[in-house]
Amino acid sequence: MDAKPMKILIIEDDINDCNDFIKCSEKRKDIEIVAMTDSDVDALKKVKTKRPEGIVLDLELNDGAEGSTDSFEFLFNLKKLSLEYEPIVIVTTHVKSKRTYQILHRNGVDLIMYKDHPNYSCEQVFNKFISLRQVIPKSTIDTLKNERRDTKERISNCILQELELIGIPPKMVGRQYLHDAILYLIENENSEVNVIQYLTTIYKRSDNTITNGVKNAIFHAWRVSPIEDLLKYYTARIDAERGVPTPMEFIYYYKEKVKNMI
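So, here's what we can say about the structure. (Residues numbered from 1 in each chain as written. Predicted model: local features only at pLDDT ≥ 70, side-chain atom pairs only at ≥ 80, totals over all residues. Heavy atoms only, no water.)

### Section: the overall build of the chain
Using the following cut-off: In this description a helix means any DSSP run of H or I spanning at least four residues, a strand means any run of E spanning at least two, and both kinds are numbered starting from the N terminus. Three exposure classes are used, based on accessible area relative to the maximum for each residue type with a 1.4 Å probe and protein chains only: buried under 20%, partly exposed in between, and exposed over 50%. Pairs of residues are marked as contacts when any of their non-hydrogen atoms sit within 4.5 Å. Using the Shrake-Rupley algorithm and a 1.4 Å probe, accessible areas are obtained, with residue cover drawn only from the displayed protein chains. Charge counting treats Lys and Arg as positive and Asp and Glu as negative, with His and both chain ends excluded. Every charge is mapped to an atom, namely NZ of Lys, CZ of Arg, CG of Asp or CD of Glu.
For the chain, the count of helices and strands is 11 helices and 5 strands. Its C-alpha atoms put the chain at 70 × 40 × 30 Å along the principal axes. Of all 262 residues assigned to the chain, the portion counted as buried reaches 45%. Partitioning the contacts of the chain with sequence separation of at least 6, the portion at a separation of at least 24 is 68%. With the model as given, the accessible surface of the chain reaches about 14,100 Å², and the carbon-plus-sulfur share is 49%. A distance of 3 Å separates the average location of the 38 positive side-chain charges in the chain from that of its 41 negative side-chain charges.

### Concerning the packing of aromatic side chains
Applicable threshold: Ring geometry is summarised as follows: Phe, Tyr and Trp rings, the Trp one being its six-membered ring, pair when their centres sit within 6.5 Å, and such pairs are stacked at plane angles under 30 degrees, edge-to-face over 60 and tilted between the two.
The tally for this structure, following the rule as stated, stands at 11 aromatic pairs. Ring geometry for Y234 and F250: centres 5.9 Å apart, planes at 10 degrees, overall stacked. Taken together, the residues Y234 in the loop between α10 (227-233) and α11 (247-261) and F250 in helix α11 connect sequence positions 16 residues apart. The buried category is assigned to Y234, whose relative accessible area is 4%.

### Details of the nonpolar core
Applied cut-off: Think of a nonpolar core as a cluster: buried Ala, Val, Leu, Ile, Met, Phe, Trp, Tyr and Cys residues, connected wherever their side-chain atoms sit within 4.5 Å.
Among the nonpolar cores identified, the biggest contains 37 residues, and I159, I166, I168, L178, W222 and F250 are the most heavily contacted of them. Secondary structure elements with two or more residues in this core: α6 (138-165), α7 (173-187), α8 (195-203), α9 (207-224), α10 and α11. Contact partners of I168, with chain neighbours within four places excluded, come to L163, R175, L178, A217, A221 and F250. Membership of the second largest hydrophobic core comes to 18 residues, among which are F74, V89, V91 and V109.

### Concerning the pattern of salt bridges
Note the threshold: In what follows, salt bridge is the name for a side-chain nitrogen of Lys or Arg lying within 4 Å of a carboxyl oxygen of Asp or Glu.
Counted under the stated rule, the structure contains 15 salt bridges. Between D30 and R28 there is a salt bridge; the shortest N-O distance is 2.9 Å. R28 shares its class with D30; the two are buried. Measuring nitrogen to oxygen at the nearest pair gives 2.8 Å for the salt bridge that ties K257 to E162. Here K257, found in helix α11, pairs with E162, found in helix α6; they are 95 residues apart in sequence, far enough to count as distant. Among the charged side chains, a salt-bridge network with shared partners connects E12, D17, D58 and K115.

### Considering unusual backbone geometry
One non-glycine residue, R51, adopts positive backbone phi at about 50 degrees. When you line up the elements, R51 lands in the loop between α2 (40-50) and β3 (54-58). Accessibility expressed as a relative area gives 37% for R51, which makes it partly exposed. Phi is positive for K204, close to 55 degrees, though the residue is something other than glycine.

By themselves these figures say nothing about function.
Encoded structure:
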C-alpha cells in the first residue's frame, strides 16, 4: 500500500452523501478528501488545483449550484485538461442502464457503483479506490500514459498536416473544429455521442455555429486550393451537384484516412 493517503475529490449534490463520505474518511488513514463540490464546473477547477488521485462522480447533479445536471460534460472536459496523469474515476448513480454504463466506460470511467444496491456504502467506494490504486504499479501506469500522450500527439500532427495539404489555414476556427472532431472519433471509435454535439459541449457554441465553422473551412479549401491537390489528397466521391463534401463526409473520410496512417 502507498504510504501517503489517496487524495480524493468528491463531486456530489446530496448533502447526506457528502456527510457520509466525510465521516467515513475521518476513520481512515489511507483516504484524504481534498475537495468536495456539487458543480461539475467547479470540479474541473478543483482537479487543476488539488490534483486528486481519485474522483467520486455523482452521475446526477440535479441540485448542484451551477453547471450541468449530469456528469457527462465533466468527463468530456476532464479529457480536455490534458493532465500528465489520469485520475481514477468512480461514478455513483441511481441509474441502472447498460447503455449509460457503456458510454461512461468509453469516456474514461474506471468503475460504476449503483447507489441502490444493498451493499453500497461510502466505505465500499473508498475500498474500491484503494484496490484500483494497487492494480498496476505506478511506473507502469506512467509508461502507459506517456505512450498514450505520444500517440495522441502523433495523431494530432497527422490531422493538421492533412488539413494543411488541402489548404485549410490555421487561422480558420473551423480547422480546429475539424481537428478535434477527427481526433475524437479516432480515440472514441465506439462512442454513441454525436461528434457535433461533442464539439458544442467543448466549445460552448450552438450546433449551427459549429457546423457553419466546419462548412466554411471546407468551402475555403475547395475554393482556393488547386484541383490537383484536392483530387490527390481527398479521394472520396463527392456529389456532383454539391461540388464539396458535407461536414460528416469530410470528417469521417479523414477519420479513416488518418487512422490507417498511424
